[in-house]
Amino acid sequence: MILKILEREAWQSACRDGHYYGSPDDVRDGFIHFSAPHQVVATAAKYFKGKRDLVIVAFDEAALGDALKWEPSRGGDLFPHLYAPLPTARALWERPLPLADDGMPVVPGDVLK
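Residues numbered from 1 in each chain as written. Predicted model: local features only at pLDDT ≥ 70, side-chain atom pairs only at ≥ 80, totals over all residues. Heavy atoms only, no water.

Asker: Describe the layout of surface pockets, naming the residues involved and giving the relevant values.
Answerer: Empty space within the largest pocket amounts to approximately 590 Å³. Taken together, 26 residues make up the lining of the largest pocket; nearest its centre are Lys4, Ser23, Asp25, Tyr47 and Phe48. Contributing elements (two or more residues each) for the lining of the largest pocket: β1 (2–7), α2 (24–29), α3 (40–48) and β6 (78–82). (1 Å grid on protein atoms, 1.4 Å probe; cavity = no way out; pocket = protein on both sides within 12 Å on 5 of 7 lines; lining within 4 Å. Points joined across faces, edges and corners; volume = space filled by probe spheres on them. Helix = DSSP H or I, 4+ residues; strand = E, 2+ residues; numbered from the N terminus.)

See below:
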């Protein structure tokens, strides 16, 4: 399983369209950024602190095919990057990503396993 954090409105729009084409950062980098479960808390803290109305969406990495590549990023850890539009129908689930009092996104505990 791999995970994508994004604004709820962007996800809802993508679901209506059938594909997610990426955030401005994704578009700039030429691929859609994902996190593995062991990476998602750090990703949430680094890029999404204080941002409201987020969702976390899970995908089966095998369902995304050869366009998904695992490449070195923060600290040399391998991160999943998708070099294609993301078919929203491939989502396993989506959940709200609330903020704690300090503004940190609260990742559901069962996602981290």
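Asker: Outline the environment of Leu3, supporting the account with residue identities and numerical values.
Answerer: With respect to the helices and strands, the residue Leu3 is situated in strand β1. For Leu3, a relative accessible area of 1% translates into the label buried. As a C-alpha pair, Leu3 and Ala14 span 11 residues in sequence and 16 Å in three-dimensional space. The contacts of Leu3, once residues within four sequence positions are left out, are Phe34, Ser35, Ala36, Pro37, Val40, Ile56, Val57, Ala58, Trp93 and Val111. (Buried < 20%, exposed > 50% of the residue type's maximum accessible area, 1.4 Å probe, protein only. Contact = heavy atoms within 4.5 Å.)

Asker: Please set out the sheet that holds strand β3 (residues 32–33) residue by residue, giving values where relevant.
Answerer: If you walk across this open sheet you meet the 3 strands as β3-β6-β5, and the pairing is antiparallel. Each of the sheet's edge strands pairs with one partner strand only, and the pair in question is β3 and β5 (68–72). Inspection of the sheet shows β5 paired to β6 by 5 bridges, in the antiparallel sense. Residue pairing in the sheet places Pro72 in a bridge with Leu78 of β6. (Pairing = 2+ DSSP bridges.)

Asker: I'd like a rundown of the side chain of Thr88, residues and numbers included.
Answerer: As for its position among the elements, Thr88 is in the loop between β7 (86–87) and β8 (91–97). For Thr88, the contacting residues outside a window of four places in its chain are Trp11, Ala14, Cys15, Gly18, His19 and Tyr20.

Asker: Lay out α3 with the relevant residues and their values.
Answerer: Those residues of α3 that sit buried are Val40, Thr43, Ala44 and Phe48. The buried residues of α3 occupy an angular sector of 100 degrees when the element is viewed end-on, so they sit on one face. Contacts from the buried residues of α3 go to β1, β4 (54–59) and β6. Positive phi shows up at Gly50, right after α3, with a value of about 80 degrees. (Arc of directions from axis to C-beta.)

Asker: Explain the nonpolar core residue by residue, including any values.
Answerer: Counting residues in each nonpolar core, the largest one holds 14 residues, and the members touching the most others are Trp11, Phe34, Phe59, Leu64, Leu82 and Leu86. Sorting the residues of this core by element identifies β1, α1 (8–17) and β4 as the ones contributing at least two each. The dominant element in this core, judged by the number of residues it contributes, is β4, at 3 residues. Those residues within four positions of Trp11 in sequence are excluded, and the remaining contacts are Leu6, Val55, Val57, Phe59, Leu86, Thr88, Ala91 and Glu94. (Core = buried A, V, L, I, M, F, W, Y, C linked by side-chain atoms within 4.5 Å.)

Asker: Which residues make up the packing of aromatic side chains, and what values go with them?
Answerer: Within the structure shown, the criterion is met by 3 aromatic pairs. Measuring from centroid to centroid gives 6.1 Å for Trp11 and Phe59, while their planes differ by 80 degrees, and the two rings are edge-to-face. In this pair, Trp11 sits in helix α1 while Phe59 sits in strand β4, placing the two residues 48 residues apart along the sequence. According to the relative accessible area criterion, Trp11 is buried, its value standing at 2%. In this structure Phe59 comes out as buried when scored by relative accessible area, which is 0%. Centre to centre, the rings of Phe34 and Phe59 are 5.7 Å apart; their planes meet at 85 degrees, and the pair counts as edge-to-face. Here Phe34, found in the loop between β3 and α3, pairs with Phe59, found in strand β4; they are 25 residues apart in sequence, far enough to count as distant. Residue Phe34 is classed as buried on the basis of its relative accessible area, which comes to 3%. Counting every residue linked through ring pairs, the aromatic cluster contains Trp11, Phe34 and Phe59. (Phe/Tyr/Trp six-rings, centres within 6.5 Å; stacked < 30°, edge-to-face > 60°.)

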